[in-house]
Amino acid sequence: MVSDTVITLLREAYGDEIETVMNYQTNAIVLDGVRAEEIKESLQADIQEELTHAEQLGQRLKQLDARPPGSAEFTA
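Everything numeric in this text was worked out from a predicted model, so none of it was measured.

Details of the layout of surface pockets
Right, on to step 1. Reported here for the largest pocket is a volume of approximately 240 Å³.
Right, on to step 2. Lining the largest pocket are 14 residues, and of these Gly15, Pro69, Glu73, Phe74 and Thr75 sit closest to its centre.
Right, on to step 3. Considering only residue class, the lining of the largest pocket consists of four nonpolar, five polar and five charged.

In structure tokens, the structure reads:
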């Protein structure tokens with residue numbers, strides 16, 4: 001049996017990935033300036049990578065008969 005600590009850590013990591021996506025997305029939207037478009041493109045690629053990490057964590061939680069936290073459980 002997997003310990004509650006492992007489940008808690010996986011759920012926290014999932015939340016961290018989602019929070020990172022939120023921050024990257026916000027920065028991609030509000031950036032202005034000479035290099036803004038280049039940085040936005042880079043952030044968009046990073047967003048996809050972080051979403052992949054979140055998906056992997058969520059799938060692992062499911063394998064362990066747990067579930068990733070939903071928005072009602074999210075705390076920044």
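What to know about the pattern of salt bridges
Right, on to step 1. One pass over the full model with this rule turns up three salt bridges.
Right, on to step 2. For Arg11, the salt bridge identified is with Glu73, shortest N-O distance 2.5 Å. A residue pair is termed long-range when its members are at least 10 positions apart, and Arg11 in helix H1 (residues 4-30) and Glu73 in the segment after helix H2 (36-63) qualify at 62 residues.
Right, on to step 3. Of the charged contacts in the structure, one is a salt bridge between Arg35 and Glu38, with a shortest N-O distance of 3.1 Å.

Section: the nonpolar core
Right, on to step 1. In terms of nonpolar packing, the biggest core is built from seven residues, these being Ile7, Leu10, Tyr14, Ala54, Leu57, Leu61 and Leu64.
Right, on to step 2. Looking at this core, the elements with two or more residues in it are H1 and H2.
Right, on to step 3. When sequence neighbours within four positions are dropped, the list of residues in contact with Ala54 reads Tyr14, Glu17 and Ile18.

Side note on the environment of Phe74
Right, on to step 1. With respect to the element layout, Phe74 can be found in the segment after H2.
Right, on to step 2. Phe74 gets classed as partly exposed once you look at its relative accessible area, which sits at 30%.
Right, on to step 3. Taking C-alpha positions, Phe74 is 6.8 Å from Gly15, a pair spaced 59 residues apart along the chain.
Right, on to step 4. Setting aside residues up to four positions removed in sequence, Phe74 forms contacts with Gly15, Glu19 and Met22.

Here's the deal with H1
Each α-helix winds once per 3.6 residues, and so residues spaced three or four apart point in a common direction.
Right, on to step 1. Along its 27 residues, H1 runs 39 Å from first to last C-alpha, staying within 8% of the 39 Å computed at 1.5 Å per residue.
Right, on to step 2. Of all the residues in H1, the buried ones are Ile7, Leu10, Tyr14, Gly15, Glu17, Val21 and Ala28.

Concerning the packing of H1 against H2
Right, on to step 1. As a packed pair, H1 and H2 sit with axes 9 Å apart at the nearest point and diverge in direction by 160°. The orientation of H1 with respect to H2, classified from their angle, is roughly antiparallel. Crossing geometry of H1 relative to H2 is assigned as left-handed.
Right, on to step 2. Of the residues in the contact of H1 with H2, the class split is 15 nonpolar, six polar and six charged.

Topic: H2
Right, on to step 1. Over its 28 residues, H2 extends 40 Å from the first C-alpha to the last, a length consistent with the 40 Å expected when each residue adds 1.5 Å.
Right, on to step 2. When H2 is considered as a whole, its buried residues turn out to be Ala36, Lys40, Leu43, Ile47, Glu50, Ala54, Leu57, Gly58 and Leu61.
Right, on to step 3. Packing partners of the buried residues in H2 comprise H1.

Rules of the game
- Residues numbered from 1 in each chain as written.
- Predicted model: local features only at pLDDT ≥ 70, side-chain atom pairs only at ≥ 80, totals over all residues.
- Heavy atoms only, no water.
- 1 Å grid on protein atoms, 1.4 Å probe; cavity = no way out; pocket = protein on both sides within 12 Å on 5 of 7 lines; lining within 4 Å.
- Points joined across faces, edges and corners; volume = space filled by probe spheres on them.
- Nonpolar A, V, L, I, M, F, W, Y, C, P; charged D, E, K, R; others polar.
- Salt bridge = Lys/Arg side-chain N within 4 Å of Asp/Glu carboxyl O.
- Helix = DSSP H or I, 4+ residues; strand = E, 2+ residues; numbered from the N terminus.
- Core = buried A, V, L, I, M, F, W, Y, C linked by side-chain atoms within 4.5 Å.
- Buried < 20%, exposed > 50% of the residue type's maximum accessible area, 1.4 Å probe, protein only.
- Contact = heavy atoms within 4.5 Å.
- Expected span 1.5 Å × (residues − 1).
- Axes fitted to C-alpha atoms, helices over the stretch in contact; angles between N-to-C directions.
- Parallel < 35°, antiparallel > 145°, perpendicular 65-115°, else oblique.
- Left-handed = near helix turned anticlockwise from the far one by under 90°.

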